[in-house]
Amino acid sequence: MGTREDIARALNEGAEAGRQGDPPTTCPHPSTSVLRTAWIRGYAGTAPRLTHGDDEA
């Protein structure tokens, strides 16, 4: 399990990845890690969202 600092860092790194438009598969943490959960939460809070019509070409 990560420390509070590690969790906060993972959250911030995920948020930065979301802002940069990186795919969620760039998460560097293994699927069994609480740091992955934090990273994904940060990512999900900032990643671009599809709106109605965006998926239609």
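These figures come from a predicted structure and were not determined experimentally.

The rules behind the values
Residues numbered from 1 in each chain as written. Predicted model: local features only at pLDDT ≥ 70, side-chain atom pairs only at ≥ 80, totals over all residues. Heavy atoms only, no water. Phe/Tyr/Trp six-rings, centres within 6.5 Å; stacked < 30°, edge-to-face > 60°. Helix = DSSP H or I, 4+ residues; strand = E, 2+ residues; numbered from the N terminus. Buried < 20%, exposed > 50% of the residue type's maximum accessible area, 1.4 Å probe, protein only. Salt bridge = Lys/Arg side-chain N within 4 Å of Asp/Glu carboxyl O. Axes fitted to C-alpha atoms, helices over the stretch in contact; angles between N-to-C directions. Left-handed = near helix turned anticlockwise from the far one by under 90°. Contact = heavy atoms within 4.5 Å. Nonpolar A, V, L, I, M, F, W, Y, C, P; charged D, E, K, R; others polar.

## A word on the packing of aromatic side chains
Next up, step 1: Throughout the structure, instances matching the rule amount to one aromatic pair.
Next up, step 2: Centroid distance Trp39 to Tyr43: 5.4 Å. Interplanar angle 15°. Geometry classified as stacked. Note that Trp39 and Tyr43 are positioned in helix H2 (residues 34-46) at a spacing of four residues, about one turn of the helix.
Next up, step 3: On the basis of relative accessible area, Trp39 is assigned to the buried category, the value being 3%.

## Things to note about the pattern of salt bridges
Next up, step 1: Across all of its chains, the model carries two salt bridges by this definition.
Next up, step 2: The shortest N-O distance in the salt bridge between Asp6 and Arg9 comes to 3.0 Å. In this pair, Asp6 and Arg9 are both assigned in helix H1 (residues 4-20), three residues apart and thus about one turn of the helix distant.
Next up, step 3: Of the residues examined, Arg9 reaches a relative accessible area of 44% and is grouped as partly exposed.
Next up, step 4: Among the salt bridges present, the one from Glu16 reaches Arg19, with a minimum N-O distance of 3.1 Å. Within this pair, Glu16 and its partner Arg19 are both found in helix H1, separated by three residues, close to a single helical turn.

## Remarks on the packing of H1 against H2
Next up, step 1: For the pair H1 and H2, interaxial distance at closest approach is 6 Å and the crossing angle is 35°. Of the two possible hands of crossing, H1 and H2 adopt the one that is right-handed. Of H2, the residues touching H1 (which contributes Asp6, Ile7, Ala10, Leu11, Glu13, Gly14, Ala15, Ala17, Gly18 and Arg19) are Val34, Leu35, Ala38, Trp39, Arg41, Gly42, Tyr43 and Thr46.
Next up, step 2: Class assignment for the residues of the contact of H1 with H2 results in 10 nonpolar, four polar and four charged.

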